[in-house]
Amino acid sequence: MAYDNPIPGFDTYNTNNLRLWRALPSKEFDLDAYSSANFTEAVEQRRKAEDLSAVLYPNDATYQGKELRLRQQYFFVSASLQDLLREFIKRPNYKWSEMPEKVSVQMNDTHPTITVAEMMRLLVDVQRVGWEEAWELTKKCCNYTNHTVMPEALEKWPVEMMERILPRHVQIIGEINRRWINELLEMYGDGPMIEKLSIFEEGDEKKIRMGNLAIVGSNKVNGVAALHTEIIKKETFPEYYKWACDKGEPDKIVNMTNGVTQRRWIHCANPVLSAIFTKYLGSQKWLTDMTLLKGMLKHKEDPKLHAEWMEMKQGCKARLAAWLKEVMDLDIDQDALIDIQIKRIHEYKRQLMNCLYVIHRYQTLKRMSPAERAKTQKRVVLIGGKAASAYVNAKIIIKLINNVSKVVNNDPETSPYLKFAFVPNYRVSAAQMLIPASDISEHISTAGTEASGTSNMKFVMNGGLIIGTMDGANIEIREEGGEDTMFIFGCLEHEVPGIAAKSKQGHYPVDGRLQAVFQAIRNGDFSKGEPDAHQEFCSILDRLCNITAAGTWDGDRYLVIHDFPSFCDAQARVDAMYNDKATWCKLSIQAACSMAKFSTDRTISEYADVIWGVKPAPRPCGDAGAPPPAQALPKPKAAPAAKGADAPAAASPKPKAAGKDKAKDEAAVAPEDPPVWIAVEDEPPHKKGDVILGPNKPLPEGFVELGGKALMPITGGGAVCVKKVPQSQAQQKA
């Protein structure tokens, strides 16, 4: 069953439709089974159907979970593609050759990439399109976005499972692969390229590589940040990129840097900041054109703006403090530096390293005298996010964060200077509280592991600075805002292999500060008397300290130990800079006003131009299908001759020819007929022909002219389509 959700645009009359799907059984209730006292069996079909759409991304740690996930993916893909094709063939005199002009399917990661096989099934088996034509249509309509280089995002389905659940799709994928391999053999002969690019993975368990299926069946493949796209070319799909280059199509893989919407993450989440931008820029046009924010940069040294900016930040902190008290019963000092890391909990995002640093900071405070503590920078560290249900290590990290926070927050010696907490149930509404209040945010993934990140963009749009690695979109944010707006630490992407190689030789030192942190954890200082938790914490440390296996799953896979010293040094630079409030405020303004590149407006425009081939289409006005008038406005008539003593001398009129129409003579000396705006369609409370705006009246704010007609806002909301006519032709209505 389809559920349609209207998605209105901002300051536009366009509304998109988001169609969601719910699975329902073909037979709701088995009366025969019920009559035979098989009550569970009577509703079994309904239960199985509801399982498909009850929970998105079910736990796939078990075989049954994997099967449910595959069924779910196919359900959503097939429902959407069938609906899409049904809409296309409803068009009168449709031609299959026109489908790529009307249809574009964007596959986000490999979860929906069964699309390629399902599109072929629908075209070949259902619509009876020939294979060659169907394959060309599929490749032109489908595009694939790779959102992460993590292996779990590059799905591989067992052939045995696929043959049992989707046997026809396995046949179709097999034929796609056969033709693909034949093409490769002609280019390269038999060799390693064939094995790497084959859709099927051989081994003890034969699998279908959904990433390979996606790239073979797509028109364009894209990454979501400049560095990420280069990694796709060099590491994730290097053989495919070589093939594309050899075919003379190096632009098969393109970059589409992610973006976020300023309407949500500034205008809604931080209305005070939105008002500041509008005040200094003179209008709200920046909400649809973020490049205008660069006009704020000329004010970045202005003490008046600094005062307003800091007041805005303080207000956001007060709002966050009240929310934390209500939701978590956590008291924070609103004058403290607010340090936030909110994102999916994953080892590569290194929430663990952030937690280890908090322990180090706590230990440092404990060693200080009361007088020394009073001179330190107060800090509130908040971590939030959700972990996949089967991701055990992520759950252990969350447990460690919560245990550490209990110790830190309840220590009377240190709690005035350091608070630490895990924010539960992270979601958009929570983000709208957290993001505007941040002074610094943590984007600290191991270089080369984060595709882009988007929370980094949201934080900086709200004037927060970043402590981070040269990874994902951090690199481009730094390029736009300036090197001094980001506190960079850690190894670079190209240095990672060398670090792993040295580790194999036993050269992987553990910093003394980190050794002290490890020892405190092993001593049980943060286990809270829970033996199971203590064992889990120690198991993570044991793996990290396998110093000959750094960069692998047997050791410090994400180089926490290697980057920890420079992470501590970067945090010290943050404290020092924050003490210089004027410089910090200037950098905050500079960063926030340099974020135009990271608006979804730019992102979607690039997708439309480079990948989808979609051009903007203005909304038609008036009668549907009516052509615009040849001339938008009537030509103004000559002004009447002035009368009275002050009238300038006029040239003598030429003699008129006898018999000329008297009406024309009178029109030449008639008073000016000023233009008015009238409604061209019924728009309650107005009727077609009503005068909406009288002569010589100023145009209202929000007036949008479209090809000789206009959309004019009306009192009470909404708008009416109007056109300009001489007042004499208008029918005045009360």
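Residues numbered from 1 in each chain as written. Predicted model: local features only at pLDDT ≥ 70, side-chain atom pairs only at ≥ 80, totals over all residues. Heavy atoms only, no water.

## A word on the pairing of strand β14 (residues 465-468)
Put simply, the test is: Each residue's exposure class comes from its accessible area (1.4 Å probe, protein chains only) as a fraction of the maximum for that residue type: buried when under 20%, exposed when over 50%, partly exposed otherwise. Starting at the N terminus, helices and strands are each numbered in turn, a helix being any DSSP run of H or I of at least four residues and a strand any DSSP run of E of at least two. Here a strand pair is declared whenever DSSP counts at least two bridges between the two strands. When the strands point away from the viewer and the connection leading from the first strand across the helix to the second strand turns clockwise, the crossover is called right-handed.
Residues L465 and I467 of β14 are buried on one face, and the alternating residues I466 and G468, pointing to the opposite face, are buried as well. Relative to β14, strand β13 (residues 440-443) is paired through four bridges, and the arrangement is parallel. Following the sheet pairing, E442 is matched in β14 by I467. The β-α-β motif built from β13, the intervening helix α21 (residues 455-461) and the parallel element β14 has right-handed crossover chirality. The sheet contact formed by β14 and strand β15 (residues 486-488) spans three bridges and is parallel. Each residue of the ladder has a partner; that of G468, found in β15, is I488. Following the backbone out of β14, through helix α22 (residues 474-481) and into the adjacent parallel β15, one traces a crossover that is right-handed.

## A closer look at the sheet that holds strand β6 (residues 200-201)
Note on sheets: strands pair through backbone hydrogen bonds, and any given pair is parallel or antiparallel. Ordered in space as β5-β7-β6, the three strands form an open sheet in which the pairing is antiparallel. In this open sheet, the two edge strands, each paired with only one partner strand, are β5 (156-158) and β6. Here three bridges tie β5 to strand β7 (residues 207-209), and the two strands are oriented antiparallel to one another. Opposite W157, over in β7, you have I208 as the bridge partner.

## Overview of the nonpolar core
Filter applied, for reference: Residues belong to a common nonpolar core when they are buried Ala, Val, Leu, Ile, Met, Phe, Trp, Tyr or Cys residues joined through side-chain atoms within 4.5 Å. Contact criterion: two residues are considered in contact whenever any of their non-hydrogen atoms come within 4.5 Å of each other.
F277, W309, L356, L382, V404, F420 and L434 are the most contacted members of the largest nonpolar core, which totals 115 residues. Filtering out sequence-adjacent residues up to four positions away, L356 remains in contact with L514, V517, F518, I521, V560 and F564. Grouped together as the second largest cluster of nonpolar side chains are 58 residues, V77, M119, M162 and I215 included.

## Considerations on the side chain of S455
Its place among the elements puts S455 in helix α21. Among all residues touching S455, those that are not within four sequence positions of it are I342, K343 and H443.

## Concerning the pattern of salt bridges
Selection rule: Put simply, a salt bridge is a Lys or Arg side-chain nitrogen that is within 4 Å of an Asp or Glu carboxyl oxygen.
The full count for this structure, using the stated rule, is 48 salt bridges. We note a salt bridge from D575 to R361, for which the minimum N-O separation is 3.0 Å. With D575 in helix α26 (residues 560-579) and R361 in helix α17 (residues 351-367), the pair connects residues that are 214 residues apart, well separated along the chain. Like R361, D575 is buried. With a closest N to O distance of 3.3 Å, K615 and D609 form a salt bridge. Bridged by salt links that share partners, the residues D4, R19, D83 and R86 form one connected network.

## Structural notes on a nonpolar patch on the surface
The test is simple: Note that patches include only residues with greater than 30% relative accessible area and no salt bridge, and the join distances are 9 Å for like charges and 5 Å for nonpolar side chains (Val, Leu, Ile, Met, Phe, Trp, Tyr). For the accessible areas, the method is Shrake-Rupley and the probe is 1.4 Å, while residue cover comes only from the protein chains on display.
A contiguous nonpolar surface patch, about 510 Å² in accessible area, is contributed by M1, Y3, I7, L18, L20 and L24. Elements represented by at least two residues in the nonpolar patch include exactly β1 (2-8) and β2 (15-21). Looking at the element boundaries, Y3 is found in strand β1. Look at Y3 and you get partly exposed, because its relative accessible area is 36%.

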